[in-house]
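Here is what each chain is made of, one letter per residue.
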Amino acid sequence: MDSADDIFDSSLNLEETHYQEGYKEGYNHGITTGKEEGREVGLKTGFGTGEELGFYKGCVDVWNSAIQVDPTRFSTRVQKNIKQMQELIQKYPVMDPENESVQDIMEDLRLRFRVIRAALGVKLEYNGYPKPKDIEF
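Residues numbered from 1 in each chain as written. Predicted model: local features only at pLDDT ≥ 70, side-chain atom pairs only at ≥ 80, totals over all residues. Heavy atoms only, no water.

Draft legend 1. Structural view of the UniProt feature "domain: Essential protein Yae1 N-terminal" (unreviewed entry) in the protein. Within the UniProt annotation, "domain: Essential protein Yae1 N-terminal" (unreviewed entry) is assigned to residues 22–60. A helix fraction of 100% and a strand fraction of 0% characterise residues 22–60, whose end C-alpha atoms lie 56 Å from each other. (UniProt positions renumbered as here; feature names shortened; annotations may be inferred. Helix = DSSP H or I, 4+ residues; strand = E, 2+ residues; numbered from the N terminus.)

Draft legend 2. Region of interest: helix α4 (residues 102–120). Counted at 1.5 Å a residue, the expected span for α4 with its 19 residues is 27 Å, and the 27 Å between its end C-alpha atoms agrees. When α4 is considered as a whole, its buried residues turn out to be V102, I105, M106, L109, F113 and I116. Projected down its long axis, α4 shows its buried positions confined to an angular sector of 100°, all on one face. Exposed and facing more than 90 degrees away from the buried side of α4 are Q103 and A118. In this structure, the buried side of α4 is in contact with α2 (14–69) and α3 (76–91). Just past α4, the residue G121 takes up positive phi, approximately 70°. (Expected span 1.5 Å × (residues − 1). Buried < 20%, exposed > 50% of the residue type's maximum accessible area, 1.4 Å probe, protein only. Arc of directions from axis to C-beta. Contact = heavy atoms within 4.5 Å.)

Draft legend 3. Quick peek at the nonpolar core. Ranked by size, the top nonpolar core spans 19 residues in total, and within it Y56, W63, I82, M85 and L109 carry the most contacts. Secondary structure elements with two or more residues in this core: α2, α3 and α4. With sequence-adjacent residues up to four places away left out, Y56 is seen in contact with M85, I89, M106, L109, R110, F113 and Y126. (Core = buried A, V, L, I, M, F, W, Y, C linked by side-chain atoms within 4.5 Å.)

Here you go:
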């Protein structure tokens with residue numbers, strides 16, 4: 001009688017067995033796919049952040065060069081903001097993206113940039129790297 005029960009048990013548990021197998025396959029596929037997608041999103045986000053930091057660093061370098069050529073070129077208030085912006089760039093935790101201060105520093109950088117831009121009266125803006133369709137010849 002036990003062998004007959006085993007035959008029927010396997011038939012009755014067929015749905016549950018397929019469900020468990022499907023769950024395991026889906027879970028493993030989700031782990032693999034999730035890591036790949038997470039890596040892609042991380043690279044894209046990291047690239048964009050690095051690009052924006054580089055833009056601000058380039059602006060600070062140009063402004064500092066102008067100050068070295070003519071120290072009276074900018075007001076002391078603008079020079080102070082440029083120095084603060086440079087300190088924020090140096091303080092940015094590039095190698096520690098999970099640092100909680102990342103967003104605060106980036107917001108402060110954007111604010112300082114807007115203040116300097118307004119004080120200098122320039123229409124300079126960070127728009128990100130131009131996409132191929134945005135480039136005109």
